[in-house]
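Single-letter residue listing:
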Amino acid sequence: MVEVLLLRPVSAAEAGDERWEALVRPGRRVRRGTELRFSSELSGAVVESRPDGVRVIAFAGSLSVLAAAREIGTPPLPPYVHVPLRDPEDYQTVYAAEEGAVAAPTAGLHFTSELLQRIRESGVEIVMLTMHIGLGTFRPVTAADVTVHEMDAEWYDVTPEVAAVINERRRSGGRIVAVGTSTVRTLETVAGDDGRVRPGRGWSGLFIYPGHRFRAVDALITNFHLPKTTLLMLVSALAGRETILRAYGEAIRRRYRFYSFGDAMLVL
């Protein structure tokens, strides 16, 4: 048996002619030319095998890839989650709207519809943007010099309406609180040197590490992250490395829960 983790489509196409980037396991068994059968309605062939382990699979069948994934697939969970989900929606935010991410923006898992309503009623304006979390969220930083680490590009979309609300809040003296590191990366990608957020969509390869000058984000709600990850470097850039180390030490002492289904922290 082979496990296939869909990353992103290489080309937009109808069922019967779709190509996707994917991770496969065990990779040594799936080389270029390997034929895969997922169901009676969908098959695939590996047409490219890249040095970083990514495969390009050409799918064929009467079902689209996403339709088949909904029917026979399961949500891709982090490797440290060993118990199957009771409900796939347990690994989904209540405000998710667009398909395309390979993992949930886990800082958003802390919010319920009722909590979001209470926040709005308190006078806080909430806006939504899109960043499809990609392969980079699973990859540790292995380079001794972090400046040579390459981020996996992730798709973002910031609408003119969202940009207008953020800019007006900043103009009137309000603070911008991002929920999740992906939100931070999106806003810092589209912000100009003057701090104004420009609407737009595209691919972001922005790598935020200590020394970054934040232009659009004032505070962050996030989870406790794995060591040697770009996520931990981002929060260290915002709050300072020593502050984050002290916060993590306190979290360990108090036995807080870490990672995807763990506790949240507010970084100011």
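Residues numbered from 1 in each chain as written. Predicted model: local features only at pLDDT ≥ 70, side-chain atom pairs only at ≥ 80, totals over all residues. Heavy atoms only, no water.

Structural notes on the nonpolar core
Step number 1: One finds Val158, Val184, Leu187, Val197 and Leu220 to be the most contacted residues of the largest nonpolar core, which totals 29 residues.
Step number 2: Among the secondary structure elements, those contributing two or more residues to this core are β7 (154-158), α3 (160-171), α4 (181-190), α5 (230-239), α6 (241-253) and β11 (264-267).
Step number 3: In terms of residues, this core owes the most to one element, α5, which gives five residues.
Step number 4: In this view, leucine 187 contacts Leu129, Ile166, Ile176, Val197, Ala216 and Val217; residues no more than four positions away in its chain are not counted. (Core = buried A, V, L, I, M, F, W, Y, C linked by side-chain atoms within 4.5 Å. Buried < 20%, exposed > 50% of the residue type's maximum accessible area, 1.4 Å probe, protein only. Helix = DSSP H or I, 4+ residues; strand = E, 2+ residues; numbered from the N terminus. Contact = heavy atoms within 4.5 Å.)

Re the pairing of β7
Step number 1: Counting buried residues along β7, four of its five residues qualify, which places the element largely inside the surrounding structure.
Step number 2: The sheet contact formed by strand β6 (residues 130-131) and β7 spans two bridges and is antiparallel. Counterpart to methionine 131 in the pairing with β7 is tyrosine 156.
Step number 3: Bridging between β7 and strand β9 (residues 200-204) involves five bridges; their strand directions are antiparallel. (Pairing = 2+ DSSP bridges.)

Concerning the pattern of salt bridges
Step number 1: Per the stated rule, a full pass over the model turns up 20 salt bridges.
Step number 2: Ionic pairing is found between arginine 50 and glutamate 21, a salt bridge with its closest N-O pair at 2.7 Å. Of the two residues, arginine 50 sits in the loop between β4 (42-49) and β5 (55-61) while glutamate 21 sits in strand β2 (residues 18-25), which places them 29 residues apart along the sequence.
Step number 3: Where aspartate 157 meets arginine 201, a salt bridge forms, and the shortest distance between an N and an O atom there is 3.0 Å. (Salt bridge = Lys/Arg side-chain N within 4 Å of Asp/Glu carboxyl O.)

Some thoughts on a nonpolar patch on the surface
Step number 1: A cluster of nonpolar side chains, namely Val177, Leu266 and Leu268, defines an oily patch on the protein surface of about 290 Å² accessible area.
Step number 2: Tracing the chain through its elements places leucine 266 in strand β11. (Patch = residues over 30% accessible without salt bridge, like charges linked within 9 Å, V, L, I, M, F, W, Y side chains within 5 Å. Areas by Shrake-Rupley, 256 points an atom, 1.4 Å probe, with all protein chains shown as cover.)

A few points about α3
Step number 1: Helix length check: α3, at 12 residues, gives a terminal C-alpha distance of 16 Å against a target of 16 Å (1.5 Å per residue), a fit within 8%.
Step number 2: What α3 keeps buried is the set Val162, Ala163, Ile166 and Asn167. Projected down its long axis, α3 shows its buried positions confined to an angular sector of 125°, all on one face. In α3, the exposed positions that point more than 90 degrees away from the buried face belong to Pro160, Glu161 and Arg171.
Step number 3: Packed against the buried residues of α3 are β7 and α4.
Step number 4: Positioned one or two residues after α3, glycine 173 has a phi angle of 95°, which is positive. (Expected span 1.5 Å × (residues − 1). Arc of directions from axis to C-beta.)

Topic: unusual backbone geometry
Step number 1: A cis amide bond links arginine 25 with the next residue in sequence, proline 26, at an omega value of 0°.
Step number 2: Among the structural elements, proline 26 can be located in the loop between β2 and β3 (35-39).
Step number 3: Of note in this structure, lysine 228 is not a glycine but carries a positive phi near 60°.
Step number 4: Position of lysine 228 among the secondary structure elements: in the loop between β10 (219-223) and α5.
Step number 5: With a phi angle near 70°, tyrosine 259 is a residue other than glycine that sits in the positive phi range.
Step number 6: Structurally, the position occupied by tyrosine 259 is in the loop between α6 and β11.
Step number 7: Residue tyrosine 259 is classed as partly exposed on the basis of its relative accessible area, which comes to 26%.

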